[in-house]
Amino acid sequence: MNVTTHPEIAEFDALSGPAGQTRGRALQAVFWVLLIGFVLVAPFMLYPVFVMQLLCFALFACAFNLLIGFTGLLSFGHAAFFGGAAYITGYALTAWGVPPIPGILLGAVFSAALGYVVGALAIRRQGIYFAMITLALAQIVYFFALQLPFTGGENGLQGIPRGHLLGFIDLNQTLNMYYFVAAVFMVGFLIIYRIIHSPFGQVLQAIRENEPRALSLGYNTDRYKLMAFVLSATLAGVAGSTKSIVFQFASLTDAHWQMSGEVILMTLLGGLGTIFGPVVGAFIVVALQQFLSGIGSWVQVVIGATFIACVLLFRRGVVGELARWLKVDSL
Amino acid sequence: MTDTILETQDLQISFGGFMAVKNVNLKIARGTIHAIIGPNGAGKTTVFNLLTKFHTPTGGRILYNGTDITNWKPAEIANHGIVRSFQISAVFPHLTAVENVRLALQRRLGVSYHFWRSKKVLQSLDEEAIARLDQVGLKEFAHLHAVELPYGRKRALEIATTLALEPELMLLDEPTQGMGTEDVGSVTDLIRKVSKGRTIIMVEHNLGVVSKLADTITVLNRGEVLAEGPYEVVSKDPAVMEAYMGVSAEEAEA
Ligand SMILES: Nc1ncnc2c1ncn2[C@@H]1O[C@H](COP(=O)(O)OP(=O)(O)OP(=O)(O)O)[C@@H](O)[C@H]1O
Ligand SMILES: [Mg+2]
């Protein structure tokens, strides 16, 4: 068939095509180098606990982005997985003396199971209803975190022992702890990267782009969405578990709906559906909170203003705009 | 063996009391092109949604190759050889043309749930996907994002993707809507070309296209079948002419 060529092809700005893809790969390589370089040297330039916090939130945001950016599902309840896993890991380490890695795995298993339940109930609904169901279920989890005997109520779990890695690496040594967190982050980030670039990720993107079409091609879209939800919840749980070991406490803040809001903020600021965006977004938010902590509750105002400015100036988020500007399709 | 590939019996659906489709009885003969026409809001898209299970009928039955598929799910329908297109062009805009087609081919590799594998495994499908694109004249655009294609080519991409599933029964919802006359001509040729060896049901406003392609025409009006038969018969039916007053200009143009 011969469709006539339209000289006025809309939106044609060489975003894709072989040239754009080669440029994209080169830029991605630059970002990888920057990220790995940062992760390796950061504890010598910045306060290590602060960098560990950055990495935990960055992983949380990347996990969240898997859902909102690559599947098109807006969850407003991800604090339940982050906070829930933090409690489970904290309790396992404190009460049972479980070592750190099995402790994190327990948190991950918990958030996977919780993700399955929440996801199964929520994916039947679309858009804002989906978000509201996830929020409602997360509030139930928050309620349990407040009421259950083992969570420490208002105080949360305090004095969680960091323990020894593989029995001999003492995590009470800051640098040991740091490189352990860095490893957890890198592994989590690589898993997410692989999911995005897998046959499964390809179907997720199809669902995000046009769900009825994916359905009409024979994909059972609900099942794919549920699986994406569980994966995202699991990795969010890993982030929460790790954070509880770093700070040696698990608190209601981790499970509060504000935390669900914060992770949305991080992802949007950095760039929805980008690979590195959530990392950048998490760094911006955590850094603002840290450096502005002197001004008390005004932090929220500054973060809010930053957010509004970003939404107005860079609709696609920092990394999203950068990708657009450099004419590459994925960063 | 029956000659009827798809049959509906008293198919109906009501949206909160409004009967969008009323007692529709269709018999689609295997290997033919069957057009469904009718004024705006007649219920054509709704019939498609019922046939492909995007809506559940509030009454009636749907038989496909003699099997009752009334309570099947959309993905199941697709896996049994009924694939639809949409009234509003249905491509995956931020995937490349070749990735669009590959998504149709991917399921048979059985790796679609494999989140731990690299999508490089899908490259084994590239050759076939590009051949499919070539079939609709899109080979040179294989690595462009679908969003960057002009409208006519998006529709062609959609047809290439649908064809990649080798559907036994293909449902096309207004494949030429919004196209210039030249694109309409090439899409018409394309549909004729791909109709070999399969059955097509198409909703189409452009009566020129319908008269060229369709073996049988069903006219819907207000959710009901108004007339049915070959173009020569249906186009002379007074009831049809009345219902179609508004679009007679289109007929003249085509
Ligand atoms: N999900 C729905 N809920 C409520 N009403 C609906 C729904 N889908 C369709 N309708 C109504 O059913 C009627 C038939 O709509 P349909 O889209 O099937 O018409 P159509 O024949 O495809 O028209 P067009 O030529 O404009 O595409 C319309 O009155 C429409 O408003
Ligand atoms: Mg319609």
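Residues numbered from 1 in each chain as written. Chains lettered and ligands numbered in written order. Predicted model: local features only at pLDDT ≥ 70, side-chain atom pairs only at ≥ 80, totals over all residues. Heavy atoms only, no water.

Enquirer: Which residues make up the overall build of chain A, and what values go with them?
Expert: Counting secondary structure elements, chain A contains 14 helices and four strands. Here chain A has a C-alpha radius of gyration of 20 Å; the compact-globule value for 331 residues is 20 Å, and the two agree. A principal-axis box enclosing the C-alpha atoms of chain A has dimensions of 70 × 45 × 40 Å. The proportion of buried residues among the 331 residues of chain A is 54%. Contacts in chain A between residues far apart in sequence, at least 24 positions, make up 77% of those at least 6 positions apart. Of the side chains in chain A, 15 bear a positive and 12 a negative charge, and the two mean positions are spaced by 5 Å. (Helix = DSSP H or I, 4+ residues; strand = E, 2+ residues; numbered from the N terminus. Rg over C-alpha atoms; globule rule 2.2 N^0.38 Å. Buried < 20%, exposed > 50% of the residue type's maximum accessible area, 1.4 Å probe, protein only. Contact = heavy atoms within 4.5 Å. Lys, Arg positive; Asp, Glu negative; His and termini not counted. Charge placed at Lys NZ, Arg CZ, Asp CG, Glu CD.)

Enquirer: Summarise the site of ligand 1; cite the residues concerned and give the values.
Expert: All names here are of chain B. What surrounds ligand 1 is a group of 14 residues, the closest being Asn40, Lys44, Thr45, Thr46 and Gln87. At 2.9 Å from an oxygen atom of ligand 1 is found a main-chain nitrogen or oxygen belonging to glycine 41. Across the complex, the protein chains shield 64% of the 630 Å² of accessible surface that ligand 1 would expose by itself. Of all the elements in the fold, those that place two or more residues in the shell around ligand 1 are β2 (18-24) and α1 (44-51). Taken together, the residues of the shell around ligand 1 sort by class into four nonpolar, eight polar and two charged. (Near = heavy atom within 4 Å. Polar contact = N/O pair within 3.5 Å; in protein donor to acceptor, adjacent residues only side chain to side chain. Areas by Shrake-Rupley, 256 points an atom, 1.4 Å probe, with all protein chains shown as cover. Nonpolar A, V, L, I, M, F, W, Y, C, P; charged D, E, K, R; others polar.)

Enquirer: Can you lay out the pairing of strand β4 (residues 33-37) of chain B for me, pointing to particular residues and giving the numbers?
Expert: Residue and element names in this part refer to chain B. Extensive coverage of β4 is indicated by the burial of five of its five residues. A two-sided burial pattern is seen for β4, the buried positions comprising Ile33, Ala35 and Ile37 on one face and His34 and Ile36 on the other. With four bridges joining them, β4 and strand β9 (residues 199-203) adopt parallel strand pairing. In the sheet register, histidine 34 faces β9, and the bridge partner there is isoleucine 201. (Pairing = 2+ DSSP bridges.)

Enquirer: How would you explain the pairing of strand β5 (residues 59-64) of chain B if you had to name every residue and give the values?
Expert: Residues and elements named next belong to chain B. Sheet topology note: the strand β1 (residues 4-15)/β5 ladder contains five bridges and is antiparallel. From the neighbouring strand, glutamate 7 faces β5, where its bridge partner is leucine 63. Relative to strand β6 (residues 67-68), β5 is paired through two bridges, and the arrangement is antiparallel. Following the sheet pairing, leucine 63 is matched in β6 by aspartate 68. The loop that links β5 with its antiparallel partner β6 comprises two residues; one of these, asparagine 65, has a positive phi angle of about 50°.

Enquirer: So what's going on with the confidence of the model for chain B? Which residues, and what values?
Expert: Of all residues in chain B, 95% have pLDDT values of 70 or greater, and the mean over the chain is 88. For this predicted complex, the interface confidence reaches an ipTM of 0.87, while the overall pTM sits at 0.89. (pLDDT = per-residue confidence, 0-100.)

Enquirer: Quick one: what's the story with the nonpolar core, residue by residue and with numbers?
Expert: Formed by 159 residues in total, the largest nonpolar core has its most connected members in Leu55, Phe185 and Phe189 of chain A together with Leu157, Met202 and Ile217 of chain B. When residues in this core are grouped by element, the largest group, 17 residues, is from helix α2 (residues 48-68) of chain A. Among all residues touching phenylalanine 189 of chain A, those that are not within four sequence positions of it are Trp32, Leu35, Leu59, Cys62, Ile275, Phe276 and Val279 of chain A. Val21, Val24, Leu51 and Tyr64 of chain B belong to the second-largest nonpolar core, a separate cluster that totals 25 residues. (Core = buried A, V, L, I, M, F, W, Y, C linked by side-chain atoms within 4.5 Å.)

Enquirer: Kindly report on the coordination of the magnesium ion (ligand 2), identifying the contributing residues and their values.
Expert: All names here are of chain B. Donor atoms from the polypeptide that coordinate the magnesium ion (ligand 2) comprise Thr45 (OG1) and Gln87 (OE1), at 1.9 to 2.2 Å from the metal. Taken together, the residues threonine 45 in helix α1 and glutamine 87 in the loop between β7 (82-84) and α3 (97-106) connect sequence positions 42 residues apart. In this structure threonine 45 comes out as partly exposed when scored by relative accessible area, which is 24%. (Donors = N, O, S within 2.8 Å, 3.2 Å for Na, K, Ca; no water.)

Enquirer: I'd like to hear about the packing of α2 of chain A against helix α11 (residues 257-270) of chain A, residue by residue, with values.
Expert: Residues and elements named next belong to chain A. At a minimum axis distance of 9 Å, the contact between α2 and α11 shows a crossing angle of 80°. Classed by the angle they form, the pair α2 and α11 counts as roughly perpendicular. Contacts between α2 and α11 involve Phe57, Phe60, Ala61, Phe64, Asn65 and Ile68 from the former and Met259, Val263, Ile264, Met266 and Thr267 from the latter. Residues of the contact of α2 with α11, tallied by class, amount to nine nonpolar, two polar and no charged. (Axes fitted to C-alpha atoms, helices over the stretch in contact; angles between N-to-C directions. Parallel < 35°, antiparallel > 145°, perpendicular 65-115°, else oblique.)

Enquirer: Give me the lowdown on helix α7 (residues 199-209) of chain A, citing residues and values where you can.
Expert: Summarising burial for α7 of chain A: ten of the eleven residues are buried, a large majority. Taken as a whole, α7 of chain A has its buried residues at Pro199, Phe200, Gly201, Gln202, Val203, Leu204, Gln205, Ala206, Ile207 and Glu209 of chain A. Turning to α7 of chain A, the residues buried within the fold contact α6 (174-196), α8 (211-216) and α9 (221-247) of chain A together with α3 of chain B.

Enquirer: Mind laying out a nonpolar patch on the surface, listing which residues take part and the relevant values?
Expert: All names here are of chain A. On the surface, Ile36, Leu40, Val41, Phe44, Met45, Leu46, Leu175 and Tyr179 cluster together to form a nonpolar patch covering roughly 730 Å² of accessible area. Contributions of two or more residues to the nonpolar patch are made by α1 (17-45) and α6. The element contributing the most residues to the nonpolar patch is α1, with five residues. Considering the arrangement of structural elements, one finds leucine 46 in the loop between α1 and α2. (Patch = residues over 30% accessible without salt bridge, like charges linked within 9 Å, V, L, I, M, F, W, Y side chains within 5 Å. Salt bridge = Lys/Arg side-chain N within 4 Å of Asp/Glu carboxyl O.)

Enquirer: Any chance you could break down α1 of chain B for me, citing the residues and the numbers?
Expert: Within α1 of chain B, seven of the eight residues are buried, which leaves the element mostly enclosed by the surrounding structure. Buried within α1 of chain B we find Lys44, Thr46, Val47, Phe48, Asn49, Leu50 and Leu51 of chain B.

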